[in-house]
Amino acid sequence: MENKRWYDKEPTLSLAVSLIKNSKEEIQLKCAEFIKLKAQDYGVVLNSNLLGAFNYVLNRWYDSSEPLAEAFGYLKEADNETRKQIAIAVITFLEKTETT
């Protein structure tokens, strides 16, 4: 079976996204900021037209929040290895956040 979602192609990224999705909104927003900063640390640049193109119907769960949509934009722009490294960092971040 072929994965339909771009983030399901890499198991670590898929796990990180699942953990984000199942977190409380407050944690999701912290995670969005964390992803953005991590991606920028790796030199990922967000396509400036991406956020300006919100004239379409927002069907994805992460589109309901502009910070999450932006964070996922960074993930999408990153290369596969960078995505995996960010995913590992996100999982660690969420583990620490959930236990504090």
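Source: prediction; values computed, not measured.

Conventions we followed
- Residues numbered from 1 in each chain as written.
- Predicted model: local features only at pLDDT ≥ 70, side-chain atom pairs only at ≥ 80, totals over all residues.
- Heavy atoms only, no water.
- Salt bridge = Lys/Arg side-chain N within 4 Å of Asp/Glu carboxyl O.
- Buried < 20%, exposed > 50% of the residue type's maximum accessible area, 1.4 Å probe, protein only.
- Phe/Tyr/Trp six-rings, centres within 6.5 Å; stacked < 30°, edge-to-face > 60°.
- Helix = DSSP H or I, 4+ residues; strand = E, 2+ residues; numbered from the N terminus.
- Axes fitted to C-alpha atoms, helices over the stretch in contact; angles between N-to-C directions.
- Left-handed = near helix turned anticlockwise from the far one by under 90°.
- Contact = heavy atoms within 4.5 Å.
- Nonpolar A, V, L, I, M, F, W, Y, C, P; charged D, E, K, R; others polar.
- Expected span 1.5 Å × (residues − 1).
- Arc of directions from axis to C-beta.

Caption draft 1: Representation of the pattern of salt bridges. With the rule as written, the count across this model stands at four salt bridges. Residue Asp63 pairs with Arg60 through a salt bridge whose shortest N-O separation is 2.7 Å. Judged by its relative accessible area of 35%, Arg60 falls in the partly exposed class.

Caption draft 2: Seen up close, the packing of aromatic side chains. Applying the stated criterion across every chain yields a total of eight aromatic pairs. The interplanar angle of 80° and the centroid separation of 6.3 Å between the aromatic rings of Trp6 and Phe72 together place this pair among those described as edge-to-face. Taken together, the residues Trp6 in the segment before helix H1 (11-21) and Phe72 in helix H4 (residues 66-77) connect sequence positions 66 residues apart. With a relative accessible area of 17%, Trp6 lands in the buried category. On the basis of an interplanar angle of 75° and a centroid distance of 6.2 Å, the ring pair of Tyr7 and Phe72 is categorised as edge-to-face. You can see Tyr7 sitting in the segment before H1 and its partner Phe72 sitting in helix H4, a full 65 residues away along the chain. For Tyr7, a relative accessible area of 6% translates into the label buried. With a relative accessible area of 1%, Phe72 lands in the buried category.

Caption draft 3: Expanded view of the packing of helix H2 (residues 25-41) against H4. Interaxial distance between H2 and H4 falls to 8 Å at its minimum, and their mutual angle equals 30°. Relative to H4, H2 is oriented so that their crossing is left-handed. Seen from H2, the contacting residues are Gln28, Leu29, Ala32, Ile35, Lys36, Ala39 and Gln40; seen from H4, they are Pro67, Leu68, Glu70, Ala71, Tyr74 and Leu75. The residue inventory of the contact of H2 with H4, partitioned by class, reads nine nonpolar, two polar and two charged.

Caption draft 4: Highlighting H2. A rise of 1.5 Å per residue sets the reference length of H2, with its 17 residues, at 24 Å; its end C-alpha atoms lie 24 Å apart and thus fit the reference within 8%. All of the buried residues along H2 are Ile27, Gln28, Cys31, Ala32, Ile35 and Ala39. Considered in projection along H2, the buried side chains sweep an arc of 145° and stay on one side of the axis. Seen from the open side of H2, the exposed residues pointing more than 90 degrees away from its buried face are Glu26 and Asp41. Packing partners of the buried residues in H2 comprise H1, H4 and helix H5 (80-99). Where H2 terminates, the next one or two residues include Gly43, which has phi positive at roughly 85°.

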